[in-house]
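In case you want the letters, here they are:
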Amino acid sequence: QLVRESNDLKCPATLTDHGWEPTLLAGDPQSFTFESLQSASSSGFVIGYHGKNPRQFSRITFCLMHNEQVLIGSAESGSSTSLAISAEGFEQIKTAVRSMAFE
């Protein structure tokens, strides 16, 4: 919990009785696509932030948890040029994140 809270901008969601839900730090709900992830070994979420083209993503962030273990990751640009990840690319990233297993 402490790791996730200290990374609240990279992990802007909270686990509620209804599953993972984005927090206000995620931004305007119109600016991103949010999907809760649940497997036998972990739970978490992935957020795809839309760029100027609403069919592309300029940043993707995910957070997975299993007991006390937390995995936080993102695909983002460190330069002034934004990423342009297609909807298909977003689906591939979600598939890869879902396949991660904690041991």
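Being a predicted model, the structure only gives us computed values, none of them experimental.

Undergrad: Is there a simple way to think about the packing of aromatic side chains in this case?
TA: How two aromatic rings sit relative to each other is given by the distance of their centres and the angle of their planes. Counting across every chain of the model gives four aromatic pairs. Where Trp20 meets Phe45, the ring centres are 5.2 Å apart and the plane angle is 50 degrees; that geometry is what we call tilted. Of the two residues, Trp20 sits in strand β2 (residues 19–22) while Phe45 sits in strand β4 (residues 43–50), which places them 25 residues apart along the sequence. Across this residue pair, the class does not change: Trp20 and Phe45 are buried.

Undergrad: So what exactly am I meant to see when it comes to the side chain of Lys94 here?
TA: One can find Lys94 in helix α2 (residues 87–99). Lys94 gets classed as buried once you look at its relative accessible area, which sits at 4%. For Lys94, the contacting residues outside a window of four places in its chain are Glu35 and Val46.

Undergrad: What is the right way to look at unusual backbone geometry in this model?
TA: For Asn67, which is not glycine, the phi dihedral falls at a positive 55 degrees. With respect to the helices and strands, the residue Asn67 is situated in the loop between β5 (56–66) and β6 (69–75). Take Asn67: its relative accessible area is 65%, and that puts it in the exposed class.

Undergrad: Mind showing me how you'd approach the pairing of β4 here?
TA: The buried fraction of β4 is high, at seven of eight residues. Note: strand β3 (residues 32–38) against β4, seven bridges, orientation antiparallel. Residue pairing for β4: Ser36 is matched across the bridge by Phe45. Two successive antiparallel strands, β3 and β4, enclose a turn made up of four residues.

Undergrad: Before we go on, may I ask you to explain the state of the cysteines in this structure?
TA: Linking two cysteines covalently through their sulfur atoms gives a disulfide. A complete count under the given rule lists one disulfide for this structure. Covalently, Cys11 is tied to Cys63 through a disulfide, its sulfur atoms 2.3 Å apart. As the torsion about the S-S bond is roughly -85 degrees, the Cys11-Cys63 disulfide counts as left-handed. In this pair, Cys11 is assigned in the loop between α1 (2–6) and β1 (13–16) and Cys63 in strand β5, connecting sequence segments 52 residues apart. The same class applies to Cys11 as to Cys63, namely buried.

Undergrad: Would you explain the confidence of the model for the chain in this entry?
TA: Parts of the prediction with low pLDDT should not have their coordinates interpreted in detail. Per-residue pLDDT for the chain averages 86, and the proportion of residues at 70 or more is 91%. Per-residue pLDDT, averaged within each element of the chain, yields its smallest value for α1 (60) and its largest for β4 (93).

Undergrad: When you look at the environment of Ser43 in this model, what are you seeing that I'm missing?
TA: Position of Ser43 relative to the elements: it lies in strand β4. Through-space distance from the C-alpha of Ser43 to that of Phe57 is 23 Å; in sequence the pair is 14 residues apart. Every residue in contact with Ser43, bar those within four places of it in the chain, is listed here: Trp20, Leu37, Gln38, Cys63, Leu64 and Met65. A distance of 3.3 Å separates polar atoms of two side chains, one belonging to Ser43 and the other to Trp20.

Reading the values: rules and limits
- Residues numbered from 1 in each chain as written.
- Predicted model: local features only at pLDDT ≥ 70, side-chain atom pairs only at ≥ 80, totals over all residues.
- Heavy atoms only, no water.
- Phe/Tyr/Trp six-rings, centres within 6.5 Å; stacked < 30°, edge-to-face > 60°.
- Helix = DSSP H or I, 4+ residues; strand = E, 2+ residues; numbered from the N terminus.
- Buried < 20%, exposed > 50% of the residue type's maximum accessible area, 1.4 Å probe, protein only.
- Contact = heavy atoms within 4.5 Å.
- Pairing = 2+ DSSP bridges.
- Disulfide = S-S within 2.5 Å.
- pLDDT = per-residue confidence, 0-100.
- Polar contact = N/O pair within 3.5 Å; in protein donor to acceptor, adjacent residues only side chain to side chain.

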